[in-house]
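A look at the structure
What follows is each chain in one-letter form.
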Amino acid sequence: MTIGIFEVGSFLIENTMEKVGDNLTSMILVTTASILTLGYFSKHVYKQLKPPDQTLKYPPHIPSSIPFLGHAIAFGKSPIEFLENAYEKYGPVFSFTMVGSTFTYLLGSDAATLMFNSKNEDLNAEDVYSRLTTPVFGKGVAYDVPNPIFLEQKKMLKTGLNIAHFKQHVKIIEQETKDYFTRWGDSGEKNLFEALSELIILTASCCLHGKEIRSMLDEKVAQLYADLDGGFSHAAWLLPGWLPLPSFRRRDRAHVEIKNIFYKVIQRRRASGEREDDILQTLMDATYKTGQPLTDSEIAGMLIGLLLAGQHTSSTTSSWLGFFLSRDRALQDRCYAEQKAVCGEDLPPLEYDQLKDLTLLDRCLKETLRLRPPS
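Residues numbered from 1 in each chain as written. Predicted model: local features only at pLDDT ≥ 70, side-chain atom pairs only at ≥ 80, totals over all residues. Heavy atoms only, no water.

- For the protein chain, the name recorded in an unreviewed UniProt entry is Lanosterol 14-alpha demethylase, with Aldrovandia affinis as its organism.

Written out as structure tokens, the structure is:
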């Protein structure tokens, strides 16, 4: 039966290719849709022929009247609303189909604990995340490598992410922030989330990538980061990465261009013999347990991952904090008064050790995380 389906499918694809002619993109999209549909039906036939394992207990499955697509449209329109409704009806653990694949969600602290405490051999993150992260970070890093290698790479990064470095970063972040908002002028309107996302890219690049890379971060490069970030989408989760979608093309082009920027900086630093106290230098000096150093491609991929990994959570939380403060003028005044009391009336550059004394601002941040925890 499955062979028959594929024979029919081959005939349909050939017919379609003749009709679309020279329109390559349309041809590829139609062909891909046909292949995906055939794959879904063949998998469906296989599941019908294979007897179910009676010893396994599966979570509730949300039914759908739409073959193959399942709940992709409803989920794509409003993921939060869809998950909230499913949680109320089916409980904290449930499954549903999107584009021929089954997705299982674990919502709430108890269900999440089960996931986060599971061993890697039980819940393999690489199988899930690699299709999303590899086109953005590149091959040979993060979820594109076996877990033991990934753990070694994370250990290398942690070596450069320490308190001594963060103490140096406080002044850098403050200066970047002042410079950024000075460019705004005295009046006007801005999208807070977009602005803080851009600011965090600038500060993170300066602190984590080093001064050479930060000096090259103009509007064009900032747009490349935005195009890379656009690779983290529902389409990237659900569709093959080689599809000629505009967002996929922008992501792939940005990946190549940003890596080329990193390559030039790495090669220039090696040639000059200069050493800097930054993450880039940490990775250039790092080796695996085998003694093998990181390749330039691995260094560039890890730098991309380091920048983008915390960008979403930081920009989201900063935006919500700014939103809540903007609604309460009295609280704004209290936070401002606290900064003057801790740092000085003229607000000289902030010192790392003073952060712990900004208790009101700290409570505002923690309340923001409680009300709007970043996902």
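From this point on, the discussion continues.
1. Comments concerning unusual backbone geometry
- One non-glycine residue, Ala-142, lies in the positive phi region at around 55 degrees.
- Overall, Ala-142 belongs to the buried group, its relative accessible area being 10%. (Buried < 20%, exposed > 50% of the residue type's maximum accessible area, 1.4 Å probe, protein only.)

2. As for the nonpolar core
- Judged by nonpolar contacts, the single largest core of 44 residues is most densely connected at Phe-262 and Leu-283.
- For this core, the secondary structure elements donating two or more residues are helix H6 (125-137), helix H7 (147-160), helix H9 (192-209), helix H11 (219-229), helix H13 (246-272), helix H14 (279-285) and helix H15 (296-309).
- Excluding residues within four positions of it along the chain, Phe-262 makes contact with His-209, Ile-213, Tyr-225, Ala-300, Leu-303 and Ile-304.
- Judged by nonpolar contacts, the second largest core, of 13 residues, contains Ile-62, Phe-75, Phe-94 and Phe-103. (Core = buried A, V, L, I, M, F, W, Y, C linked by side-chain atoms within 4.5 Å. Helix = DSSP H or I, 4+ residues; strand = E, 2+ residues; numbered from the N terminus. Contact = heavy atoms within 4.5 Å.)

3. Some details on the packing of aromatic side chains
- For the coordinates displayed, the defined rule picks out 18 aromatic pairs.
- Arranged with centres 6.4 Å apart and planes meeting at 25 degrees, the rings of Phe-94 and Phe-96 form a pair that is stacked.
- Taking the relative accessible area as the measure of exposure, Phe-96 reaches 0% and is therefore buried.
- With centroids separated by 5.4 Å and ring planes inclined at 85 degrees, the aromatic side chains of Tyr-180 and Phe-181 adopt a geometry described as edge-to-face.
- Judged by its relative accessible area of 6%, Tyr-180 falls in the buried class.
- Following the ring pairs from residue to residue traces out a cluster consisting of Phe-75, Phe-82, Phe-94, Phe-96, Phe-103 and Tyr-105.
- Here the basic side chain of Lys-154 rests over the ring of Phe-150, its NZ or CZ set 4.8 Å away from the ring centre.
- Across from the ring centre of Trp-320, 4.7 Å away, lies the NZ or CZ of Arg-372, which sits over that ring. (Phe/Tyr/Trp six-rings, centres within 6.5 Å; stacked < 30°, edge-to-face > 60°. Lys NZ or Arg CZ within 6 Å of the ring centre and 35° of its normal.)

4. A few points about the side chain of Glu-212
- For Glu-212, the location among the structural elements is in helix H10 (residues 211-215).
- Residues in contact with Glu-212, not counting those within four places in the same chain, are Val-265, Arg-269, Glu-276 and Asp-278.

5. Re the pairing of strand E2 (residues 101-106)
- Where strand E1 (residues 93-98) lies against E2, six bridges are found, and the strand directions are antiparallel. For Phe-94, the partnering residue across the bridge sits in E2 and is Tyr-105.
- Here E1 folds back onto E2, and the loop between the two strands holds two residues, one of which, Val-99, carries a positive phi near 50 degrees. (Pairing = 2+ DSSP bridges.)

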